[in-house]
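Coordinates in review
The lines below spell out each chain.
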Amino acid sequence: MRNGSDIDSSPDNTPVIPQADVESRPRVTAETMAAKQRDISVSEFFAKNRHLLGFDNPRKALLTAVKEAVDNSLDACEEASIVPEVWVHIEATGPNRFKVGVQDNGPGIVKKQIPLIFGKLLYGSKFHRLRMSRGQQGIGISAAGMYGMLTTGKPVKIISMTSEKKPAHYFEIQIDTRRNQPEIINGKGDGEDIPAGEKGHRYIADHGIEWVSHYPSPGEQSQHLRSGTRVTIELEGRYVRGRGSVDEYLEQTAIANPHVTIHYVDPDGGETTYSRSTTELPPEPVEIKPHPYGIELGQLVTMLKGSHAGTMSQFLTTSFSRISPGVAQRICEAAKVRTRANPHRIGRQEADALYAAIQNTKIPAPASNCISPIGEGLILRGLHHQLPGEFFCADTRPPAVYRGNPFVIEVGLAYGGASPTQKVTLEALAELLQESDARSLKQFLLTTFDGIGAAGVEKILTQAKLGTRQTPVKLKEEDIAQLHAAMRNVNLTEGQTMQVLRYANRVPLQFQPAACAITQAVTATNWRAYGLAQSRGQLPVGPIRLMVHMASVWVPFTSESKEAVAAYPEIMKDLRLGLQAVGRKLAIYLNRRKRVRQEGERREVFLRYLGEVATAVAAIKDSGDRSRKQLYGRLVDIANRKTAVADTKLDDRGRRIEEAEADFGENVLIVDTDGGR
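Residues numbered from 1 in each chain as written. Predicted model: local features only at pLDDT ≥ 70, side-chain atom pairs only at ≥ 80, totals over all residues. Heavy atoms only, no water.

Further remarks concern the overall build of the protein chain. The secondary structure content of the protein chain amounts to 21 helices and 18 strands. The buried share of the protein chain, reckoned over its 677 residues, is 47%. Taking as baseline every contact in the protein chain between residues at least 6 positions apart, the subset at least 24 positions apart corresponds to 70%. A total accessible area of about 33,700 Å² is found for the protein chain, and carbon and sulfur atoms account for 49% of it. (Helix = DSSP H or I, 4+ residues; strand = E, 2+ residues; numbered from the N terminus. Buried < 20%, exposed > 50% of the residue type's maximum accessible area, 1.4 Å probe, protein only. Contact = heavy atoms within 4.5 Å. Areas by Shrake-Rupley, 256 points an atom, 1.4 Å probe, with all protein chains shown as cover.)

Turning to the nonpolar core, a few remarks are in order. Residues V88 and V231 are the most contacted members of the largest nonpolar core, which totals 44 residues. The element contributing the most residues to this core is helix α4 (residues 58-79), with eight residues. Discounting residues that sit within four places of it in the chain, V231 has contacts with A69, V100, G101, V102, F118, I141, V156, K157 and I158. With 38 residues, the next largest nonpolar core counts A400, M498, L575 and Y589 among its residues. (Core = buried A, V, L, I, M, F, W, Y, C linked by side-chain atoms within 4.5 Å.)

The subject of this paragraph is the packing of helix α10 (residues 312-319) against helix α11 (residues 325-335). Any two packed helices are characterised by how steeply their axes cross, that is the angle between the axes, and by the distance between the axes. Where α10 meets α11, the axes come as close as 9 Å, and the angle between the chain directions of the two elements is 125°. As judged from the angle between their axes, α10 and α11 are oblique. Seen along the crossing, α10 lies across α11 with a hand that is right-handed. For the pair formed by α10 and α11, the contact residues are M312, S313, L316 and T317 on the first element and P325, A328, I331 and C332 on the second. Residues that form the contact of α10 with α11 fall into these classes: six nonpolar, two polar and no charged. (Axes fitted to C-alpha atoms, helices over the stretch in contact; angles between N-to-C directions. Parallel < 35°, antiparallel > 145°, perpendicular 65-115°, else oblique. Left-handed = near helix turned anticlockwise from the far one by under 90°. Nonpolar A, V, L, I, M, F, W, Y, C, P; charged D, E, K, R; others polar.)

Residues of the protein chain with pLDDT of at least 70 account for 83%, and the chain-wide mean is 82. Counting contacts from residues 650-655, a segment whose pLDDT is below 50, to residues more than four positions away or on other chains yields 24 contacts. In this model residues 658-662 is a low-confidence stretch, pLDDT under 50, and it forms four contacts with partners more than four residues away in sequence or in other chains. (pLDDT = per-residue confidence, 0-100.)

Relative orientation of the contacting elements helix α9 (residues 297-306) and helix α12 (residues 348-360) amounts to 120°, with a least axis distance of 10 Å. When the axes of α9 and α12 are compared, the crossing they make is right-handed. Residues L297, L300, V301 and L304 of α9 form the contact with α12, whose participating residues are R348, A351, D352, L354, Y355 and I358. Here the contact of α9 with α12 is composed, by residue class, of eight nonpolar, no polar and two charged.

This paragraph deals with helix α6 (residues 140-152). For α6, which comprises 13 residues, the first-to-last C-alpha distance of 18 Å matches the rise-based estimate of 18 Å (1.5 Å per residue) to within 8%. Counted residue by residue, α6 has 12 buried out of 13 residues, so it is predominantly covered. The set of residues buried in α6 consists of G140, I141, S142, A143, A144, G145, M146, Y147, G148, M149, T151 and T152. Taken from the residues just after α6, G153 is the one with a positive phi, measuring 75°. (Expected span 1.5 Å × (residues − 1).)

Let us now look at the pattern of salt bridges. Any two side chains of opposite charge can pair, on the condition that their charged atoms come close. Per the counting criterion, the structure on display carries 18 salt bridges. Among the ionic pairs, E91 bridges to K99, the shortest N-O distance being 3.8 Å. For E91, a relative accessible area of 32% translates into the label partly exposed. D190 is paired through a salt bridge with K111; the nearest N and O atoms lie 3.9 Å apart. Pair noted here: D190 is in the loop between β7 (181-184) and β8 (192-194) and K111 is in the loop between β4 (97-104) and α5 (114-119), with a separation of 79 residues, a long-range link. For D190, a relative accessible area of 47% translates into the label partly exposed. (Salt bridge = Lys/Arg side-chain N within 4 Å of Asp/Glu carboxyl O.)

Of note, the phi angle at S81 is positive, near 60°, even though the residue is not glycine. Along the chain, S81 turns up in the loop between α4 and β3 (85-94).

With respect to the secondary-structure elements, I90 resides in strand β3. Residue classification places I90 among the buried residues on the basis of a relative accessible area of 1%. Between the C-alpha atoms of I90 and Y239, which are 149 residues apart in sequence, the distance is 9.3 Å. Discounting chain neighbours no more than four positions away, the residues touching I90 are L62, V66, F98, K99, V246, Y264, V265, D266 and P267.

Pairing analysis gives four bridges linking strand β6 (residues 168-176) to β7, with the strands arranged antiparallel. Residue pairing for β7: I175 is matched across the bridge by P182. The loop that links β6 with its antiparallel partner β7 comprises four residues; one of these, N180, has a positive phi angle of about 55°. (Pairing = 2+ DSSP bridges.)

Pairing of strand β10 (residues 261-265) with strand β11 (residues 271-274) involves four bridges; the strand directions are antiparallel. Among the inter-strand pairings, H263 is bridged to a residue of β11, identified as T273. Once β10 ends, the chain turns through five residues before running back antiparallel as β11, passing G269 with a positive phi of about 90°.

Next up on the list: the packing of aromatic side chains. Within this structure, the stated rule accounts for eight aromatic pairs. Centroid distance F315 to F320: 5.9 Å. Interplanar angle 85°. Geometry classified as edge-to-face. Ring pairs connect the aromatic residues F391, Y415 and Y589, which therefore count as one cluster. Sitting over the face of the ring of F511, K60 holds its NZ or CZ atom 4.8 Å from the ring centroid. (Phe/Tyr/Trp six-rings, centres within 6.5 Å; stacked < 30°, edge-to-face > 60°. Lys NZ or Arg CZ within 6 Å of the ring centre and 35° of its normal.)

Moving on, we get to helix α15 (residues 426-435). Inspection of α15 places A428, L429, L432 and L433 among the buried residues, and these make up the whole buried set. One side of α15 carries all its buried residues, which in axial view fall inside an arc of 135°. Its buried side turned inward, α15 meets α16 (441-448) and α18 (477-489). (Arc of directions from axis to C-beta.)

Attention now moves to the environment of L121. Tracing the backbone shows L121 in the loop between α5 and α6. Sequence separation of L121 and I141 is 20 residues, and the distance between their C-alpha atoms is 8.7 Å.

Turning our eyes to something else, we now look at the side chain of T177. In this structure, T177 sits in the loop between β6 and β7. Given a relative accessible area of 18%, T177 falls into the buried group. In this structure, T177 is in contact with S41, S43, E44, A47, M146 and M149, ignoring residues within four places of it in sequence.

In this section: the side chain of S321. Here S321 is to be found in the loop between α10 and α11. Among the residues examined, S321 registers a relative accessible area of 12% and is labelled buried. Setting aside residues no more than four positions away along its own chain, S321 makes contact with K289, P290, H291, P292 and P366.

Once that is clear, we can look at the environment of G583. With respect to the helices, strands and loops of the structure, G583 is situated in helix α20 (residues 569-620). Measuring from C-alpha to C-alpha, the distance between G583 and A529 comes to 8.4 Å, with 54 residues separating the pair along the chain.

Shown next as structure tokens:
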């Protein structure tokens, strides 16, 4: 600070800056400010704000790159009516550097579109279409390529084949972030064409191009891939197993997409195949026009200016869904606008009246054929195929609407089965401990394994005789063995927390659970009414995996990274009703199981003393041994009849075998304790 003598003071002791200091500052004029202003491209913006797209840390960046590529592959296969087969290969190329390759058996991509799809942000076919799809914005895969280029300097490599008889196209692409345009590195800026047949296979092998040319299973119709696309991105990342990992994402994708087979090779060389449980493709969604309840005044004005319709009646019937000529006439009459008026000549006040008339006119809800829900049967099949459990149920809500956008809520529930801590091997546990950045064992267990809860962690560490504050990476071999034994042997059924699997348009949502409407609806539901223990504002306790899926033409995500669903009142209402539906089915099962257990214990008490009762009665009556045996047999028959509930057997739909009625309702699957169906 300068000496006090250099600064004058006003009478109220406010410092006054000398005039010389003010005059010494260079003046900035409007012209010089204007010279510094320029356009900002969307790719340049996201390059500096990549956290908005899910690339905010290396671990999440690796997952996001895989997720965006797999989502695109599944969308392409389903749109072409091809049963999807996806190959995911992650290879470590250096410290915190990985090469990610994702290939599909989809229809392929025409040559001129490849650079634009993979090298330009906000380019795609799904943004303006009102139909269900995994991608929405045209950002994901091109943003993953941009992140790879920024962190490693390596281009994105794409090879695509549209037919066995046509050449394949191979591109190496970088994004010019200042112009949001692709730069083709190979083939003198035009890519390379790879000939079909054996000549092409030799070219691919000689040039080190990664490509899977055959199906791994001999059961497929053709051993050769007829078409498909593979994208390879080298990026800076971090591979860690457990919660929020690539492994978890692929497992959850297989649950919500039972028609998909995924071949996965992890950075350690381990191979995992998530096989399909059905070859039935989901129904193809139909594109619809926007619903009038979902537009805003400014959007309506823009549509009026850009319309090619000759009259207002034509404009309303051709621009929106569910508006018939009769409904259009009622809207125009309410707005005091002529049905034959030219849409281009509608003024601001008339547009305002037209918008108000639309909101006040009763218009049917939009058609639901633009949505392709999973379906209760396939939800049960996916859960049973991928998750352990003894009771499975599902419920699909009728279509509903938010802001004019149709949506469907689906809920699946799996009860019972082993805890995630009981499935991990000793070798995998050692790797997880070495890779973990957790500061304590307690934090490691809570963040790595879903559903065990704080009470379960205390049980495991007490059994293993380890401290909660011990550092995971510093554990010795004998400590790891003790921890593994405790994880396998401790019964966590009583203290296990519900595991919630969130989905939007069949895509798993693995981050920001607290900000998601799905989590908020689950915690707000009173699970105590369905036989589960629950603290206020917390997830219920029990060996439960709950799957919640929202299918919509436009999922209202809270951010561009598509990790949480916004809590619109209409969405929250349907979430609550879907959760209550599966809760009632679970309560019926738990109550019946409790009665069976209680009657079994009651029978054991009877049988324990019936022999002594029969002997005493025979002695009182002074009858022989034959009479005692007959009395004992009659008493056993009475005990079995009084406790007949203990002999209840259920079939695979949750019905009593002796009865015809379905006490649980539809879409219930019960697995016996031996693991059979």
